[in-house]
Amino acid sequence: MRHQYHPLGFEGSRIAQGFWRCLEWQMSPAQRLGFIEACLALGVTTFDHADIYGKYQCEALFGEALALKPALRDKMEIVTKCGVRMPAEHRPDIALHRYDYRSKHIIDSVDASLAALQCDYIDTLLLHRPSPLMDADEVAQTLDYLFTLGKVKHFGVSNFTASQFDLLQSRLDAPLVVNQLELSPLALQHFLDGTLDHAQQHAVTPMAWSPFAGGALFTGTDEKTVRVQAVLKTIAQAHGVSQDQVAIAWLLRHPSGICPVLGSGNIERLERAADATRLLLSDDDWFRIWIASQGQPVP
Ligand SMILES: NC(=O)c1ccc[n+]([C@@H]2O[C@H](COP(=O)([O-])OP(=O)(O)OC[C@H]3O[C@@H](n4cnc5c(N)ncnc54)[C@H](OP(=O)(O)O)[C@@H]3O)[C@@H](O)[C@H]2O)c1
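Residues numbered from 1 in each chain as written. Predicted model: local features only at pLDDT ≥ 70, side-chain atom pairs only at ≥ 80, totals over all residues. Heavy atoms only, no water.

> Whenever I open this one, the overall build of the chain confuses me. Can you help?
Assigned secondary structure in the chain consists of 13 helices and 10 strands. Whereas a compact globule of 299 residues would reach a radius of gyration of roughly 19 Å, the chain reaches 19 Å, a difference of no more than 12%. When its C-alpha atoms are laid out on the principal axes, the chain stretches across 50 × 45 × 35 Å. A total of 299 residues make up the chain; the buried ones form 53% of that total. Partitioning the intrachain contacts of the chain with sequence separation of at least 6 by distance along the chain shows that 75% fall at a separation of at least 24. (Helix = DSSP H or I, 4+ residues; strand = E, 2+ residues; numbered from the N terminus. Rg over C-alpha atoms; globule rule 2.2 N^0.38 Å. Buried < 20%, exposed > 50% of the residue type's maximum accessible area, 1.4 Å probe, protein only. Contact = heavy atoms within 4.5 Å.)

> What's the story with the environment of Asp135 in this structure? I'm lost.
Within the secondary structure, Asp135 sits in the loop between β6 (122–127) and α5 (136–148). For the pair Asp135 and Trp290, spaced 155 residues apart in the sequence, the C-alpha separation amounts to 37 Å.

> Please clarify how the site of the ligand should be interpreted in this entry.
In the vicinity of the ligand lie 26 residues, with Arg21, Asp48, Ser210, Ser264 and Arg269 positioned nearest. Side-chain polar atom of Arg129 to an oxygen atom of the ligand: 3.4 Å apart, as the coordinates give it. A distance of 2.9 Å is found between an oxygen atom of the ligand and a backbone nitrogen or oxygen belonging to Gly214. Protein coverage of the free-state accessible area of the ligand, which is 910 Å², stands at 85%. Elements supplying a minimum of two residues to the shell around the ligand: α9 (216–219) and β10 (259–262). (Near = heavy atom within 4 Å. Polar contact = N/O pair within 3.5 Å; in protein donor to acceptor, adjacent residues only side chain to side chain. Areas by Shrake-Rupley, 256 points an atom, 1.4 Å probe, with all protein chains shown as cover.)

> Looking at this structure, how should I read the packing of helix α3 (residues 58–66) against helix α4 (residues 103–117)?
Their axes nearest at 6 Å, the elements α3 and α4 cross at an angle of 40 degrees. One way to sum up the angle between α3 and α4 is to call them oblique. Note on element contacts: α4 touches α3 through Ser113, Ala116 and Leu117, opposite Glu59, Ala60, Phe62, Gly63 and Leu66. For the contact of α3 with α4, a count of residues per class yields 5 nonpolar, 2 polar and 1 charged. (Axes fitted to C-alpha atoms, helices over the stretch in contact; angles between N-to-C directions. Parallel < 35°, antiparallel > 145°, perpendicular 65-115°, else oblique. Nonpolar A, V, L, I, M, F, W, Y, C, P; charged D, E, K, R; others polar.)

> It is not clear to me how the nonpolar core should be interpreted in this structure. Could you clarify?
One broad trend across soluble globular proteins is that nonpolar side chains are buried collectively. If you look at the biggest cluster of nonpolar residues, it comprises 63 residues, and the most contacted ones within it are Ile36, Phe62, Met76, Phe191 and Trp250. Breaking this core down by element, the ones donating at least two residues are α1 (29–41), α2 (53–56), α3, α10 (223–239), α11 (243–252), α12 (267–275) and α13 (283–294). Sort the elements by how many residues they give to this core and α11 lands first, with 7 residues. Ignoring anything within four residues of it in the chain, the contact list for Phe191 reads Leu183, Leu196, Trp250, Leu251, His254, Ile258, Trp286 and Trp290. (Core = buried A, V, L, I, M, F, W, Y, C linked by side-chain atoms within 4.5 Å.)

> Please clarify how unusual backbone geometry should be interpreted in this entry.
With the exception of glycine, most residues fall at negative phi, and the peptide bonds are largely trans. The backbone of Lys55 shows a phi angle near 50 degrees, a positive value even though the residue is not glycine. Summarising the element assignment, Lys55 is placed in helix α2. The phi dihedral of Ser210 is positive, around 50 degrees, even though this residue is not glycine. Mapped onto the fold, Ser210 is located in the loop between β9 (205–209) and α9. In this structure Ser210 comes out as buried when scored by relative accessible area, which is 16%.

> Can you help me understand the environment of Met207 in this one?
Mapping Met207 onto the fold places it in strand β9. Overall, the relative accessible area of 0% leaves Met207 in the buried class. C-alpha of Met207 to C-alpha of Ala16: the two residues are 191 residues apart in sequence and 8.4 Å apart in space. Setting aside its immediate chain neighbours within four residues, Met207 contacts Phe10, Ala16, Thr46, Asp48, Val79, Val178, Asn179, Gln180, Leu181, Leu183, Cys259 and Val261.

> What's the story with the pattern of salt bridges in this structure? I'm lost.
Side chains bearing opposite charge may pair, as long as their charged atoms lie close to each other. By the definition in use, this model includes 13 salt bridges. Among the salt bridges present, the one from Arg253 reaches Asp283, with a minimum N-O distance of 2.4 Å. In this pair, Arg253 is assigned in the loop between α11 and β10 and Asp283 in helix α13, connecting sequence segments 30 residues apart. On the basis of relative accessible area, Arg253 is assigned to the partly exposed category, the value being 29%. (Salt bridge = Lys/Arg side-chain N within 4 Å of Asp/Glu carboxyl O.)

Right, dumping it as structure tokens:
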């Protein structure tokens, strides 16, 4: 078993596995357990969830598998999220898709996540998306309370700008350890808007959601994607690796310590990604991908 822990303050593996799409995988509980064990064997010990994934069902699918071997809980880190309300068949209480960072919602959401995941603590709780109505004082008090109860060990955010991050951090004793962001060779906005600079400055781990742009990095046919695909292919051939490994190595190469969160239920894809932690891209290759995505040379 290889354990590749993250170099920064975040307690998690160098790459993580996401469960957003787990309803699509159509695995039996035993198959899901096998998948979780295979991830752990690869050193991918961090599992990314949200209360709303799979219309509020994915956490329970994970919990059902974990309940078959509860001893695995100590060998993993569970990240989950709260703050989005989404109408769903068995949530008649929710009328509108919106955000909610009221104390009651955060506490109820954590309790529901713990029940679904069948465990008694969350390693890292993320606020899923910033809300214009977020009252930083109320949120900070609520997070402190959850920490005091031992229900959550660490906190972070997702899709937050640097200033939204700073606002919440200014009210909170505990350090925010993660900002989970859309980052991939096709999604460069947070490399440019100061979010990754801010993460690096404060030793916050950026987790990269949709590191393969949800698969579009390999299947997309638009001009930009085709340009990036051509460069990934050339670099992959030169290193004798696959294009998805080059894409992962490109994220890992960034000095902010990005933790890619993969979304496939295909363990072979994860195996290749785990192997990519050993692939060090040259600065030339890194910029070839950057330039292909930007569609123009650097100024
Ligand atoms: N914080 C947020 O706001 C947020 C938003 C979105 C996602 N997330 C998190 O990020 C995780 C990952 O997101 P994601 O699922 O979009 O990640 P992703 O790894 O970019 O995309 C996974 C999808 O790409 C496909 N794929 C992967 N490699 C491929 C290849 N070589 N050729 C063709 N298709 C390929 C997979 O298909 P197969 O299943 O067939 O392999 C799967 O459908 C989620 O599970 C969730 O935990 C967070």
